[in-house]
Each structure stands twice: as structure tokens, then as C-alpha cells.
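Below are the chains, spelled out letter by letter.
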Amino acid sequence: MDFVPIETDTPVSVEIAEIVSPSTILSPTSTPSSRISKGGIRTSLRASTADGVFAAVFSVATGPILLGNFLVELDATPIVFGMVSSIPMLAHLFQPIGAYLSERSTSRFKYSLRTHGIARLLWLILVIGIASFSWGGLNSNQLVILSLSILLCSHLLGGLAIASCLSWIAMLVPRQLRGRYFGLRNSLANLTELLGLPLAGLAVSHWYGGSIQGYAVILLVGIFFGIVSLGCQYFQVDMNPQLQNTYYASSSQTSEIEADSSPNELGETSGTISLPQILTPENDLVSSVWKNSNYLAFLLYFGLWTLAVNLSAPFFNLYLLDTLNLDVSWVTFYNSLRAGAHMLMLIIWGKLADKIGNRRILISTGILIAVIPWLWLGIGSSSLDLWLWLPLLHIFIGANWGGVDLCNNNLQIEIAPVKNQSIYFAIAAAIAGVSGALGATIGGFIAQFAGSFGIAEVFFVSGILRLASLIPLIIKKDLGSKAEII
């Protein structure tokens, strides 16, 4: 998604309307049907923004905070919490399969509907399971197993769709506006989490039938909004992946907009748009990956970073809920502060990314994120910790994670070639999935069998590994400066 300069106080509709730019012909041989209109881009950006907002509600309901509290109420072990964090990572292993399947489909939207749609509807089974538990049909152990099973199946299906959706949106966003648009879109999603998470936490903790039944109600609401978010994708300009792979242009050409084409000219026969018709020789995919040094450096960094982060990440909320014995409403409050800082800083990080590049931001914010596990070692249950240090720590986390999340996504889009783009995204996600699941699993076993000292040890090692993972970014100074099209 390409951007034009955006002011932080400008309405979304105005920002998108400003994407009217001088017409640029995508290819000397291209026809009107192979161009994306201004109107199509504007509508797609609005729809994508709404999609992100509604999907954030679903994420609140199925995310680690409320799901973690639900599992605490069921007396789940630390190994279960490690699995809750590792399952989404393992699901990324299916992204290459999903990318392969999506590249043989004829519609990004229909493929997303089949995968994400089923994945979100599966959570209805957990709602039914909670109802059965309340009536005595299931015990707590069976409900924990059911929760993990649904989490696994849902993320496996979601993993099949992620690479395709990322490739879809990458082709719609103009390059020069990418940082600003994603910053805006993600900040609105975080605003939704900021408002929704504490409300959901209060509803769960104060539900007259108990927190377990309260979670079932919140989960049902989240599923509804998850389906609504998929409906928003209907209004995005659809793409035919087979045309994207057959006829593709360089990265600088993929986001240009033809000003004089109309929406009716877009894919009149198939309902999907085609891309610049620049014929290039076929290259072996494996050979292309190994020749792309920037992409390999990113894979090394991304894999190490994900392992280091997930070594300790699953246990922060467990520490608050179990060790400090805080009510879930307090935990959601702290995480809302984090989401608020994340939301506010995304706008700033987006503008900086367009000006100074993603690599520099990843290095600076990565160093700050690396010390966070060490800061947790000094947190206790005193009033000073609860009212001052925990809020400040979550604000610090949210502010810096905004830069990491945004720039990781942008850097990956810059590096991946257009041809077979979703497969490149899937390979990165699969490697991160393996390393992330490995980190969460190792951390879970250490915390399970070593007690409180084990958690402290996990936090200490995680900080060191986070710093070490930044070495590829520091060494590879040209990373992200220019996409390698092979």
C-alpha cells in the first residue's frame, strides 16, 4: 500500500483520498485492464483498514490475555501456556503449503474466505464446550484439551492464508506510503484493542455466572466481528495470483497507479485485476532464494529474534495472573496501556520508516526490547510496582514494539520479489514459526520444572538472545535499501 504524506489528525477518508497521484503507465505494453484505478486503491485501503479494526476485536477475544485467564481458571500448567504460545508459531510451518495453494487459486478473496472463515468459525466449538462444562458434561482437563485443539486447528487454517493476504495487500499499497498507511491501519486496530480489552476483561471478571461463562460470551462476540472483518475484504480489489506470477514487474512498478483508468476496466471478465505484462525468464525458486542475500540475512535475523522473544513472552501474563495473583481486569488494564502506547507510536514509526528506513528502526527498538525481560526481574507485588512500575513497563513495551512490528512487516515486503511473493513470505513465517515454537516450548519446560527461579532464568537468557539476534541487521548495512528482484 503506497502512501502520500499524512497528518496524524487527518481523517482516514481524507488520507486515502489524497492518494491521487500523477498517472504512471505500468508497462509500455500494458492495457487499461492491467492497471489499478485510483478509486480501486482508495476503496481497498478503506476496506483493509476496517478489516483490521474488526479483526482486532476477534483477536481480543481469542488472544493470550483472555484465553490465558480462561486457562488459569481451569488450573492449566505452565506447559499448557507454553503450548498456547508455540501453537501459533508452529502453524506458520503451514504457510509454504498455503502459499503454494494460494498461488494456484484465481482469487485472493475467495481463498481468504475459505481459510480464515473456517478458522474463525471453529471457535464456536469452544463456546459449546464451555456450555457443556457449565452443565457438567466436560471436566476442566477435557476443556483445556478442547481449547488447545481448537487453537491448533484455527491457527493451522489461518497459517494457510497469511502469506496470500500479505501478498494481496502488498500489491495494493503504494511503496512511498507504506510506512504511513500501515502505521495508521495498525494504530486504529490498536485503538480497538485499547478500548476493547479492558471492557472485555471487566465483563469476564464480573460476569454473574463466573469468569468462564463470561469468556464464552466475549468469545461469541469476537467470532461475530471476525466474520464481519472478512466481509470487508470483499470491497478490496481482488487479485488473480496466477496472473501475478505470469506477468510481474519490479518492486518499484508494483504500486504505481494509473490515474485515467476506471473501476469498470478492472478485470471485466474474471473479476480480478491483472498485473504489468513484463515477460521475464523463469527462474528456479530455490536458486532465487539462495541468491537473495538480503532475504537470507532477514531470515537469519527473523528466526533468531522470534526464538528469543518467545522464550519468555508466554510467561509475562502468567507471572501477573499466577505468581502475583492479580485479577484479570488489572492485567487487561496493563495491556491496554501497552496497546495505547503501541497505537500512538505507530504513526511516528511509520513516518520515520519512510524517511530513514526500516533497518535502523529495527536495530534501535530491538535493543530496547531486548532489555525488557531483565526489567521484569525486578517486578514484585508491592503497591509501588502495581501502580507505577508495571504501568510504565507496559507503556515502554508498547511504544517500542510498534516500531518492531511495523518495520519487520515493511522490510519483508521490500526484500521479497514480486514473482511468487507469497511463497517468500511463507518461508520467512515458517522459519519464524519453528524458532518461535521452539523458544516457547523450551521456556515452558524450564518454567515448569525449575519453578520461579526457572522463569527468572528464562527472562535473563531471553534478553541476551534478543541482543544477539540483531547482529545480522547490524552487519548487513544495505538490508532493505533495495529489493532484490531475481
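Computed from a predicted model, the values in this text were never measured in an experiment.

The rules behind the values
- Residues numbered from 1 in each chain as written.
- Predicted model: local features only at pLDDT ≥ 70, side-chain atom pairs only at ≥ 80, totals over all residues.
- Heavy atoms only, no water.
- Helix = DSSP H or I, 4+ residues; strand = E, 2+ residues; numbered from the N terminus.
- Buried < 20%, exposed > 50% of the residue type's maximum accessible area, 1.4 Å probe, protein only.
- Contact = heavy atoms within 4.5 Å.
- Areas by Shrake-Rupley, 256 points an atom, 1.4 Å probe, with all protein chains shown as cover.
- Axes fitted to C-alpha atoms, helices over the stretch in contact; angles between N-to-C directions.
- Parallel < 35°, antiparallel > 145°, perpendicular 65-115°, else oblique.
- Left-handed = near helix turned anticlockwise from the far one by under 90°.
- Nonpolar A, V, L, I, M, F, W, Y, C, P; charged D, E, K, R; others polar.
- Core = buried A, V, L, I, M, F, W, Y, C linked by side-chain atoms within 4.5 Å.
- pLDDT = per-residue confidence, 0-100.
- Expected span 1.5 Å × (residues − 1).
- Bend = angle between axes of the 7 residues up to and from the residue.
- Phe/Tyr/Trp six-rings, centres within 6.5 Å; stacked < 30°, edge-to-face > 60°.
- Lys NZ or Arg CZ within 6 Å of the ring centre and 35° of its normal.
- Salt bridge = Lys/Arg side-chain N within 4 Å of Asp/Glu carboxyl O.

Undergrad: Help me understand the overall build of the protein, please; the structure alone is not making it clear to me.
TA: A tally of helices and strands in the protein yields 20 helices and 0 strands. Each of the 486 residues in the protein was classed as buried or not, and the buried ones make up 56%. Put simply, 88% of the contacts in the protein that link residues at least 6 apart link residues at least 24 apart. Accessible area of the protein: about 19,700 Å², with a carbon and sulfur share of 67%.

Undergrad: Looking at this structure, I do not really get the packing of helix H3 (residues 64-73) against helix H8 (residues 140-172). What am I missing?
TA: Where H3 meets H8, the closest approach of the two axes is 10 Å, and the angle between their N-to-C directions is 155 degrees. Taken together, the axes of H3 and H8 are roughly antiparallel relative to one another. When you trace H3 past H8, the crossing you get is left-handed. On H8, the residues touching Leu67, Phe70 and Leu71 of H3 are Leu143, Val144, Ser147 and Leu151. For the contact of H3 with H8, the per-class residue count stands at 6 nonpolar, 1 polar and no charged.

Undergrad: Explain unusual backbone geometry to me, please; I cannot follow it from the model alone.
TA: Excluding glycine, a negative phi dihedral is what most residues carry, and trans is how most peptide bonds are arranged. Of note in the backbone geometry, aspartate 75 takes a positive phi value of approximately 60 degrees without being a glycine. Within the secondary structure, aspartate 75 is located in the loop between H3 and helix H4 (78-91). Look at aspartate 75 and you get exposed, because its relative accessible area is 67%.

Undergrad: Teacher, can you tell me more about the nonpolar core here?
TA: The nonpolar side chains of soluble globular proteins are, as a tendency, buried together. Ranked by internal contacts, the top residues of the largest apolar core, which has 98 residues, are Phe70, Leu71, Trp123, Leu126, Tyr215, Trp376 and Leu390. When residues in this core are grouped by element, the largest group, 11 residues, is from helix H18 (residues 383-415). Filtering out sequence-adjacent residues up to four positions away, leucine 71 remains in contact with Ala76, Val80, Phe81, Val84, Val144 and Ser147. Listed in part, the 7 residues of the second largest apolar core include Trp168, Leu172, Val237 and Met239.

Undergrad: What is the right way to read the confidence of the model for the protein from this model?
TA: Interpretation of this model should avoid reading the predicted coordinates in detail wherever pLDDT is low. Averaged over all residues, the pLDDT of the protein equals 76, while 80% of them reach at least 70. By mean pLDDT, helix H1 (residues 12-17) is the weakest element of the protein at 32, and helix H10 (residues 211-232) is the strongest at 93. In this model residues 247-283 is a low-confidence stretch, pLDDT under 50, and it forms 101 contacts with partners more than four residues away in sequence or in other chains. The model gives residues 482-486 a pLDDT under 50, and that stretch makes 19 contacts with residues more than four places away or in other chains.

Undergrad: Can you walk me through the packing of helix H6 (residues 108-121) against H8 in this structure?
TA: Two numbers describe a pair of packed helices, the interaxial angle and the distance between the axes. Orientation of H6 relative to H8, taken along the N-to-C sense of each, is 155 degrees, at an axis distance of 8 Å. As far as their axial angle goes, H8 and H6 are roughly antiparallel. The handedness of the crossing between H6 and H8 comes out as left-handed. Two secondary-structure elements touch here, H6 through Arg108, Phe109, Tyr111, Ser112, Thr115, His116, Ile118 and Ala119 and H8 through Ser154, Leu157, Gly158, Leu160, Ala161, Ser164, Cys165, Ser167 and Trp168. A breakdown of the residues in the contact of H6 with H8 according to their chemical character gives 9 nonpolar, 7 polar and 1 charged.

Undergrad: Whenever I open this one, helix H15 (residues 328-356) confuses me. Can you help?
TA: Since there are 3.6 residues in each turn of an α-helix, residues three or four apart along the chain are aligned in direction. Between the first and last C-alpha of H15 there are 40 Å, a value that for 29 residues agrees with the 42 Å anticipated at 1.5 Å per step. Roughly 30 degrees is the biggest bend found in H15, and it falls at methionine 345. Of the residues flanking the end of H15, it is glycine 357, one or two places downstream, whose phi is positive at about 100 degrees.

Undergrad: Before we go on, may I ask you to explain the side chain of arginine 185 in this structure?
TA: Checked against the element boundaries, arginine 185 lands in helix H9 (residues 178-205). We classify arginine 185 as buried; its relative accessible area is 16%. Ignoring anything within four residues of it in the chain, the contact list for arginine 185 reads Ser48, Thr49, Asp51, Gly52 and Ile169.

Undergrad: Quick question: what am I supposed to make of the packing of aromatic side chains here?
TA: The geometry of an aromatic ring pair comes down to the distance between the two centres and the angle between the two planes. Counted according to the given criterion, the structure contains 14 aromatic pairs. Judged by centre distance (5.9 Å) and plane angle (15 degrees), the rings of phenylalanine 54 and phenylalanine 225 are stacked. Taken together, the residues span a long stretch of sequence, with phenylalanine 54 in helix H2 (residues 38-62) and phenylalanine 225 in helix H10 at a distance of 171 residues. Assessed through its relative accessible area of 25%, phenylalanine 54 is described here as partly exposed. Aromatic rings pair up to connect Phe298, Tyr301, Phe302, Trp305 and Trp401 into one cluster. If you follow arginine 104 out to its NZ or CZ, it ends over the ring of tyrosine 100, 3.8 Å from the centre. The ring of phenylalanine 58 has arginine 120 sitting right over it, with the charged end atom 5.2 Å from the ring centre.

Undergrad: It is not clear to me how the pattern of salt bridges should be interpreted in this structure. Could you clarify?
TA: A side chain of one charge can pair with a side chain of the opposite charge if their charged atoms are brought near each other. Counted according to the given criterion, the structure contains 3 salt bridges. The residue aspartate 354 makes a salt bridge to arginine 180 at a minimum N-O spacing of 3.0 Å. One end of the pair, aspartate 354, is in helix H15; the other, arginine 180, is in helix H9, and 174 residues separate them in sequence. The class for arginine 180 is buried, based on a relative accessible area of 17%.

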